[in-house]
Amino acid sequence: MQNQHELAARFRAAHESGTFVIPNVWDGGSAGVMAGLGFEALATSSAACAATLGRRDGEITREQALEHARLIASVSACPVAADLENGFGHAPATVAETIRLAAATGLVGGSIEDASGDPRAPIYDLGHAVERVAAAAEAAHHLPFHFMLTARAENFLHERPDLDDTVRRLQAFERAGADVLFAPGLPDLAAVRTVCAALHKPVNFMVGIRGKSFPLPELAAAGVRRVSLSTSLYRAAMSGLAAAGLEVKERGSFTYVESIMRSDELEKYLRALNPPEGV
């Protein structure tokens, strides 16, 4: 395994050299497949992590999220960043501690969102949101390597489709020290262009919403530097699982075995995660 300094340098360089895709994985096997396909970095997904535990997004603890991240980072030769939700607490000090703990798992990046988890007030007031990002940035930038902090403005995921406010928040997060800015759920490419034009640091775009997942060349032309895949890969895998299960249950046939990955193909990806000694 490469050391964390080298992984961090690779991750930072990826944000400075065009537009790249970072797939969100959920276990060692999915990490091995995505790395084997040539993706240069990996991310976790809070919703996919929760689903592996039979829970919904937002229902896992910080300890569970960090253990999940530790697993992905420990098996991957790629840089790994984590979906750290809102930092698992409201106070800026709690968010800062989450960043320090995340770095200790082997991660070289992570995201903090301005969604509170409270349905009565789903988005933090701007001032408090900025304090939280500033605390996270201070913690990240005091680490012995460059931890890429992503700050997320969650308006469009919480029935607040206010582009002007979203841009103001992202600009404030940028000034507070975030390395990457992210507004999931943007409705169209015009909104993506507006966000990218308003910021100086790299912008992440999230693929995974029907009708709002635009082709990579168009996102790159709009100014996007990083494209994450949210839970879309996990849901794709679960779609295949459900389809195979329905075939067996309802038709009593097993044609799905003709198109799935062979055992030796999967083993090839897993072997790359754990090569024999001396290789």
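For the structure itself, consult the block above.
Residues numbered from 1 in each chain as written. Predicted model: local features only at pLDDT ≥ 70, side-chain atom pairs only at ≥ 80, totals over all residues. Heavy atoms only, no water.

Colleague: Now, about helix α5 (residues 92-104): what can you tell me, with residues and values included?
Modeller: The terminal C-alpha atoms of α5 lie 19 Å apart, and with 13 residues this matches the ideal 18 Å at 1.5 Å per residue to within 8%. Taken together, the buried positions of α5 are Val95, Ala96, Thr98, Ile99, Ala102 and Ala103. The buried residues of α5 occupy an angular sector of 155° when projected down its axis, which confines them to one face. Set apart from the buried face of α5 by more than 90 degrees, the exposed residues are Ala93 and Ala104. (Helix = DSSP H or I, 4+ residues; strand = E, 2+ residues; numbered from the N terminus. Expected span 1.5 Å × (residues − 1). Buried < 20%, exposed > 50% of the residue type's maximum accessible area, 1.4 Å probe, protein only. Arc of directions from axis to C-beta.)

Colleague: Outline the state of the cysteines, supporting the account with residue identities and numerical values.
Modeller: Within the structure shown, the criterion is met by zero disulfides. Here Cys49 is not disulfide-linked; the sulfur of Cys78 is the nearest cysteine sulfur, at 19 Å. (Disulfide = S-S within 2.5 Å.)

Colleague: Would you mind going over the environment of Val130 in detail, with residue names and values included?
Modeller: In this fold, Val130 is placed in helix α6 (residues 126-141). Overall, the relative accessible area of 22% leaves Val130 in the partly exposed class. Sequence separation between Val130 and Gly177 is 47 residues; the distance between their C-alpha atoms is 9.6 Å. Contacts of Val130, omitting those with residues within four sequence positions, involve Ala172, Phe173 and Ala176. (Contact = heavy atoms within 4.5 Å.)

Colleague: Which residues make up the pairing of strand β5 (residues 109-113), and what values go with them?
Modeller: For β5, the buried fraction is high: five of the five residues fall into the buried class. Burial along β5 is two-sided: the face carrying Gly109, Ser111 and Glu113 and the face carrying Gly110 and Ile112 are both buried. The pairing of strand β4 (residues 80-83) with β5 spans three bridges and is classified as parallel. The residue of β5 that forms the bridge with Asp83 is Ser111. Handedness of the crossover joining β4 and β5 through α5 is recorded here as right-handed. Relative to strand β6 (residues 148-152), β5 runs parallel, the two sharing five bridges. (Pairing = 2+ DSSP bridges. Right-handed = clockwise from strand over helix to strand, strands pointing away.)

Colleague: Tell me what's going on with the nonpolar core, and back it up with residues and numbers.
Modeller: Nonpolar side chains in soluble globular proteins tend to end up buried together. In this structure, Ile99, Phe147 and Val192 are the most contacted members of the largest nonpolar core, which totals 74 residues. Looking at this core element by element, the count peaks at seven residues for α6. Not counting the four nearest positions on each side in its chain, Ile99 is found in contact with Leu84, Ile112, Ala136, Ala139, Ala140, Phe147 and Leu149. Residues Cys49, Ala50, Ile60 and Phe88 belong to the second largest nonpolar core, which totals five residues. (Core = buried A, V, L, I, M, F, W, Y, C linked by side-chain atoms within 4.5 Å.)

Colleague: Please give an account of the pairing of β6 that cites residues and values.
Modeller: β6 sits mainly inside the fold: five of its five residues count as buried. Burial along β6 is two-sided: the residues Met148, Thr150 and Arg152 and Leu149 and Ala151 are all buried. The handedness of the β5 to β6 crossover, carried by α6, is right-handed. For the segment spanning β6, helix α7 (residues 163-175) and strand β7 (residues 180-182), crossover handedness is right-handed.

Colleague: So what about the sheet that holds strand β1 (residues 20-22)? Which residues, and what values?
Modeller: A sheet is described by the order of its strands in space; here nine strands give the open sequence β1-β9-β8-β7-β6-β5-β4-β3-β2, paired in parallel fashion. Strands at the two margins of the open sheet, each flanked by one partner only, are β1 and β2 (24-25). Here strand β3 (residues 42-44) runs beside β4; their pairing, made up of two bridges, is parallel. Note that in β4 the partner of Ala43 across the bridge is Ala81.

Colleague: Which residues make up the pattern of salt bridges, and what are the values?
Modeller: Scanning the entire structure with this criterion turns up 14 salt bridges. Arg56 is the salt-bridge partner of Glu59, the closest N and O atoms lying 3.1 Å from each other. On the accessibility criterion, Arg56 (62% relative accessible area) is exposed. Put simply, Glu113 and Arg152 hold a salt bridge, and the shortest N to O gap is 3.8 Å. Residue Glu113 is located in strand β5, and its partner Arg152 is located in strand β6; the two are separated by 39 residues in the primary sequence. (Salt bridge = Lys/Arg side-chain N within 4 Å of Asp/Glu carboxyl O.)

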